[in-house]
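# Geometric and topological summary
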Amino acid sequence: MPEKPASSYRDQDRPAYTRKEYVTGIPGSRITFFERGNSKADFPIELSLISKEKGQIKHTALESARVSANRYMEKRAGIKNYYLKLRIYPHQILRENPMALGAGADRISDGMRKSFGRPIGLAARVSPGQHILTIRTTEEFYKEAKEALRRARMKLPFPSKSSLTKGSEIISSQET
């Protein structure tokens, strides 16, 4: 059965359900690393990807955004000239009650009414203004970091914006 698009799970329509000790068969998170690059250096510029809406981001979308931003920065700036950090963790368990497919499925496609479903993945709940991804770098690689965040933003299921911080003051915020 094909996977549903991430937009199917982006809305927070129910309370959070994260009690993993009672649920069996939860697939593991696809996120391999939460921090990449040079963590020991003190970079003057910090760019962040900030959520504009409340919603959920599937772990596959988070990993895709992280990989695209990291790969771009690694190729353009080199591993020593940036630090990338994924700031959210997928706790929310996503469930699905699969419907019957094929001939005759129309008369049995109601399934069980209000069924609980089986776990299919994890999602991170995000509120407006919450930081999703942060890149710290030097002024020399500012444009590369900005492009890396733009590429990561395309992988997310809802709108977000970029914010530039230099030292402790917010310099600019770019809407998309």
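Named according to an unreviewed UniProt entry, the chain is Large ribosomal subunit protein uL16 originating from candidate division MSBL1 archaeon SCGC-AAA259E19. Reading the Sequence similarities (unreviewed entry) entry of the UniProt record for the chain gives the comment "Belongs to the universal ribosomal protein uL16 family."

## Comments concerning the environment of leucine 133
With respect to the helices, strands and loops of the structure, leucine 133 is situated in strand S7 (residues 131-137). Judged by relative accessible area, which is 2%, leucine 133 ranks as buried. For the pair leucine 133 and serine 48, spaced 85 residues apart in sequence, the C-alpha to C-alpha distance is 5.7 Å. Setting aside its immediate chain neighbours within four residues, leucine 133 contacts Leu47, Ser48, Leu49, Ala69, Leu84, Lys85, Leu86, Arg87, Leu149 and Ala152.

## Focus: the environment of glycine 78
With respect to the secondary-structure elements, glycine 78 resides in the loop between helix H1 (59-76) and strand S4 (82-86). Distance in space between the C-alpha atoms of glycine 78 and phenylalanine 141 is 9.8 Å, their sequence separation being 63 residues.

## A look at H1
The end-to-end C-alpha separation of H1 is 26 Å, in line with the 26 Å expected for 18 residues at 1.5 Å each. What H1 keeps buried is the set His59, Ala61, Leu62, Glu63, Ala65, Arg66, Ser68, Ala69, Asn70, Tyr72 and Met73. Among the structural elements, strand S1 (35-37), strand S3 (55-58), S4, strand S6 (118-126), S7 and helix H2 (142-153) are those in contact with the buried residues of H1. In the stretch just after H1, glycine 78 is the one whose phi turns positive, near 90°.

So, how was this worked out
Residues numbered from 1 in each chain as written. Predicted model: local features only at pLDDT ≥ 70, side-chain atom pairs only at ≥ 80, totals over all residues. Heavy atoms only, no water. UniProt positions renumbered as here; feature names shortened; annotations may be inferred. Helix = DSSP H or I, 4+ residues; strand = E, 2+ residues; numbered from the N terminus. Buried < 20%, exposed > 50% of the residue type's maximum accessible area, 1.4 Å probe, protein only. Contact = heavy atoms within 4.5 Å. Expected span 1.5 Å × (residues − 1).

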